[in-house]
Amino acid sequence: MTGLSSLPAPDDWPGPWVRLPRDDDGDAATFGDVTAGGRLHWAPALHAGLRGRMTRIAQWIADASPRLVVSDVSVEVALLARLLGTPTVVVAMRGDRTDAPHRAAYDLAELLLAPWPTSLPEPGWPQHWRAKTVHTGAFSRFDGRSPAPLDGRTDGTRSRRVLLLMGSGGTSISTAEVAEAQKATPGWQWATLGGPEGRWSTDPWPALCAADVVVTHAGQNALAECAAARRPVVVVPQERPFGEQAATGRALTRGQLAVVTPQWPKAEKWTALLEQAHAYGGERWSQWAPGDGAARAAHTLAAAAQSEPAR
């Protein structure tokens, strides 16, 4: 397996790695038509980085003759690989993917990998997408770890803990709103990881396991890590393209896996939300993340690489 990315190879990456030029650097005013008339998501005209990126991918395909290319989640890479005669697998995402670029990528893919359970499908998908979708369930770097037990004291001498788990993808939550929520919940002790005000941790597992309730967004990775830790969660979906996080929030609500609120609540609502999430517990997360999602994905890709392409 070869990795291709703009980022450097992870320290523990076991195989070859192809470093790709960036296609989003430079003056945005000079990018030209980035969507090719609405048929693509990101293909800035006359951009040297994009040209170099696609050339390097095409050269690697010519040299390596791969049996399969997995696109996570670039429509343009999926199209390029298939135009070069290489079967593709596309990592699917929730939300409204009926726009022309997504339709093209999902239609041409040999398989769609969906990191959510079969029991909570994305509504509205056409039958031919559903027929080739493999639902792996969520998977996390923390799968296989045993969640540390919470402090078992029930004498009221310990404030219950809230972990606000933020990402780096932008948020509508302000520092003032967080401060108001903390002030309104005196029986809860808040800590923050990520986001503009929180500290960054390369291993948030101890903080997750120490939390009685986690408050986070509806990104796939954050939810997978909460699920691996089997923690009660309050989910506040953030604005994302194609309504991805809002759709994920609706799925969580259908599965009764977490308390979902469509926007950051008013301060006086927080005590009830935290209590509700705590009462839910975290064991339902086994439905979302059974713990073997990565293995399911690996077995699926290995089988697809060994099989003959659909005709």
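Rules used throughout
- Residues numbered from 1 in each chain as written.
- Predicted model: local features only at pLDDT ≥ 70, side-chain atom pairs only at ≥ 80, totals over all residues.
- Heavy atoms only, no water.
- Pairing = 2+ DSSP bridges.
- Helix = DSSP H or I, 4+ residues; strand = E, 2+ residues; numbered from the N terminus.
- Buried < 20%, exposed > 50% of the residue type's maximum accessible area, 1.4 Å probe, protein only.
- Right-handed = clockwise from strand over helix to strand, strands pointing away.
- Phe/Tyr/Trp six-rings, centres within 6.5 Å; stacked < 30°, edge-to-face > 60°.
- Lys NZ or Arg CZ within 6 Å of the ring centre and 35° of its normal.

### Points about the sheet that holds strand S7 (residues 160–165)
Okay, so step 1: Read from one edge of the open sheet, five strands run S8-S7-S9-S10-S11, paired in parallel fashion. Sheet topology places strand S8 (188–193) and strand S11 (259–260) at the edges, where each strand pairs with a single neighbour.

### Here we look at the pairing of strand S5 (residues 111–114)
Okay, so step 1: Of the two faces of S5, the one carrying Leu111 and Leu113 and the one carrying Leu112 and Ala114 are both buried.
Okay, so step 2: Of the strand pairs in this sheet, strand S4 (residues 88–91) and S5 are connected by three bridges, and their pairing is parallel. Looking at the pairing, Val90 lines up with Leu112 of S5.
Okay, so step 3: You can see the chain leave S4, run along helix H3 (residues 100–108) and come back into S5, and the turn it takes is right-handed.

### Side note on the packing of aromatic side chains
Okay, so step 1: The final tally for this structure, using the stated rule, is ten aromatic pairs.
Okay, so step 2: Relative to Trp125, the ring of Tyr106 lies with its centre 6.1 Å away and its plane at 70°, an arrangement referred to as edge-to-face. In this pair, Tyr106 is assigned in helix H3 and Trp125 in the loop between S5 and helix H4 (127–130), connecting sequence segments 19 residues apart.
Okay, so step 3: A relative accessible area of 8% means that Trp125 is categorised as buried.
Okay, so step 4: Ring pairs connect the aromatic residues Tyr106, Trp116, Trp125 and Trp129, which therefore count as one cluster.
Okay, so step 5: Against the face of Trp116 rests Arg94, its NZ or CZ located 4.3 Å from the ring centre.
Okay, so step 6: Between the NZ or CZ atom of Arg284 and the centre of the ring of Tyr280, over which it lies, the distance is 4.8 Å.

In short, shape yes, function no, at least from these values alone.
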